[in-house]
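Analysis of the macromolecular model
Below are the chains, spelled out letter by letter.
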Amino acid sequence: MKKSAFISDVLFAFLLVAVFTLCLFRYLRIPMLPAFLLCLLCGTLSAMGVGTLLQAKRKTLFLKQSEESQKERLLTHLALLSDEQKTNYFQEIFSREGEVKRFSRLRLATQNAFYFLYFRFSPVTADEVASVSRLKTAQDKVLLCNRIDEGAVELCAKLNIRLQTGESVYKRIKEANALPQTYLGEEQKESKRKRRIRFCFAKSNAKRFFIGGALILLTSLFTPFPYYYFITGSILLVVALLIRIFGYS
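Below or above, wherever it landed, is the structure these notes cover. (Residues numbered from 1 in each chain as written. Predicted model: local features only at pLDDT ≥ 70, side-chain atom pairs only at ≥ 80, totals over all residues. Heavy atoms only, no water.)

Take the pattern of salt bridges next. Applying the stated criterion to the full structure yields six salt bridges. Notably, a salt bridge pairs K71 with E167, separated by 3.5 Å at the nearest N-O pair. Of the two residues, K71 sits in helix α2 (residues 32-80) while E167 sits in helix α6 (residues 166-175), which places them 96 residues apart along the sequence. On the accessibility criterion, K71 (10% relative accessible area) is buried. Between E92 and R96 there is a salt bridge, with the nearest N and O atoms lying 3.6 Å from each other. Judged by its relative accessible area of 46%, R96 is partly exposed. (Salt bridge = Lys/Arg side-chain N within 4 Å of Asp/Glu carboxyl O. Helix = DSSP H or I, 4+ residues; strand = E, 2+ residues; numbered from the N terminus. Buried < 20%, exposed > 50% of the residue type's maximum accessible area, 1.4 Å probe, protein only.)

Shown next, in the form of structure tokens:
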């Protein structure tokens, strides 16, 4: 929620309650001055209550958006890992819950379940679910993936294959305190800083600095404080020249 919207909602609550209570108190024949003071008090209390509720709502919404963003980063990270890295990563997570054995790449077995890892950008298909069902084991079969086709979901239910998709996988990894420190596919802070610098000092920005400097210099001819505008405009013109010569292409 934007700050302006927050202030507007709080002010609206104040005015609504204050006007209503003022009319109510006057209807009850309370003198004008006490009625006015009481309506201000009621309006203030209601505004404080609405403000508290909006802040709590804003905090909850922020947490949900933050977790959703972290979940998407995790799923992208898992899709970019090699098959060997995915296997090792989940083997480490499952080992915290009990004994785990590596059957092959992307296949892990615990005491009670047999896990199939399908983390990639394309959804799991019904044919791949069918291949999972062919494995003969007395353990429960659990398929972990980013996303899956609707037909594959129905087939999992028919073949008694448990399904864990993005939401449940994220919660399980978070509960195991095994979220990655750095995520693949995410731009590093250093790279982001360099990209911003290149954008700010690109040669194409020289025109903007020139126009801004020229307008400020022209303003110095009409303003009662010409020196400030003259110095500022001159600096912008110098910056425009330097960017044009030495800026990034």
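Continuing now.
As a further point, take the packing of helix α8 (residues 206-219) against helix α9 (residues 226-246). In contact at an axis separation of 8 Å, α8 and α9 are set at 160 degrees when each is read in the N-to-C sense. What the angle tells us is that α8 and α9 run roughly antiparallel. At the point where α8 passes α9, the crossing takes the left-handed sense. Counting all contacts with α8, which are made through A206, F209, F210, G212, G213, A214, I216, L217 and T219, the residues of α9 involved are Y229, F230, T232, G233, S234, L236, L237, V239, A240, I243 and R244. (Axes fitted to C-alpha atoms, helices over the stretch in contact; angles between N-to-C directions. Parallel < 35°, antiparallel > 145°, perpendicular 65-115°, else oblique. Left-handed = near helix turned anticlockwise from the far one by under 90°. Contact = heavy atoms within 4.5 Å.)

Before going further, it helps to spend a moment on the sheet that holds strand β5 (residues 161-164). If you walk across this open sheet you meet the five strands as β1-β2-β3-β4-β5, and the pairing is mixed. Edge positions in the open sheet fall to β1 (100-104) and β5, since each of these has one partner strand only. Between one strand axis and the next, the sheet turns by 25 degrees as a mean value, whatever way the strands run. One ladder, built from four bridges, connects β1 with strand β2 (residues 107-110); its direction is antiparallel. Pairing of S104 across the sheet is with R107, part of β2. (Pairing = 2+ DSSP bridges.)

Let us now look at the side chain of T21. One can find T21 in helix α1 (residues 3-27). In this structure T21 comes out as buried when scored by relative accessible area, which is 8%. Contact partners of T21, with chain neighbours within four places excluded, come to C39 and C42.

All right, on to a nonpolar patch on the surface then. A contiguous nonpolar surface patch, about 700 Å² in accessible area, is contributed by F210, I211, L215, L218, L221 and F222. Note that L215 resides in helix α8. (Patch = residues over 30% accessible without salt bridge, like charges linked within 9 Å, V, L, I, M, F, W, Y side chains within 5 Å. Areas by Shrake-Rupley, 256 points an atom, 1.4 Å probe, with all protein chains shown as cover.)

With 14 residues, α8 ought to run about 20 Å at 1.5 Å a step, and its terminal C-alpha atoms sit 20 Å apart, in line with that. Along α8, the residues that are buried comprise A206, G213 and L217. The arc that holds the buried residues of α8, viewed along the axis, is 35 degrees, so those residues lie on one side. Summarising the geometry of α8, the exposed residues directed more than 90 degrees from the buried face are K207, R208 and L215. In this structure, the buried residues of α8 make contact with α9. (Expected span 1.5 Å × (residues − 1). Arc of directions from axis to C-beta.)

Attention now goes to the nonpolar core. With 23 residues, the main nonpolar core has L78, F90, L144 and I173 as its most contacted residues. For this core, the secondary-structure elements that each account for two or more residues are α2, α3 (83-95), β3 (113-118), β4 (140-145) and α6. Excluding residues within four positions of it along the chain, I173 makes contact with L74, L78, Y89, F90, I93, A178 and L179. (Core = buried A, V, L, I, M, F, W, Y, C linked by side-chain atoms within 4.5 Å.)

Each aromatic ring pair is characterised by the separation of its centres together with the angle its planes make. Summed over all chains, the structure comprises six aromatic pairs. Between the aromatic rings of F90 and F119, the centroid separation amounts to 5.1 Å while the plane-to-plane angle is 10 degrees, which identifies the pairing as stacked. Taken together, the residues span a long stretch of sequence, with F90 in helix α3 and F119 in the loop between β3 and α4 (126-133) at a distance of 29 residues. (Phe/Tyr/Trp six-rings, centres within 6.5 Å; stacked < 30°, edge-to-face > 60°.)

What follows is about the packing of α4 against helix α5 (residues 150-158). It is at 8 Å that the axes of α4 and α5 come closest, and there the two elements cross at 20 degrees. Accordingly, the angle class assigned to the pair α4 and α5 is roughly parallel. As α4 runs across α5, the sense of the crossing is right-handed. Between α4 and α5, the residues in contact are A126, V129 and A130 and A152, L155 and C156, respectively. In terms of residue class, the contact of α4 with α5 is made up of six nonpolar, no polar and no charged. (Nonpolar A, V, L, I, M, F, W, Y, C, P; charged D, E, K, R; others polar.)

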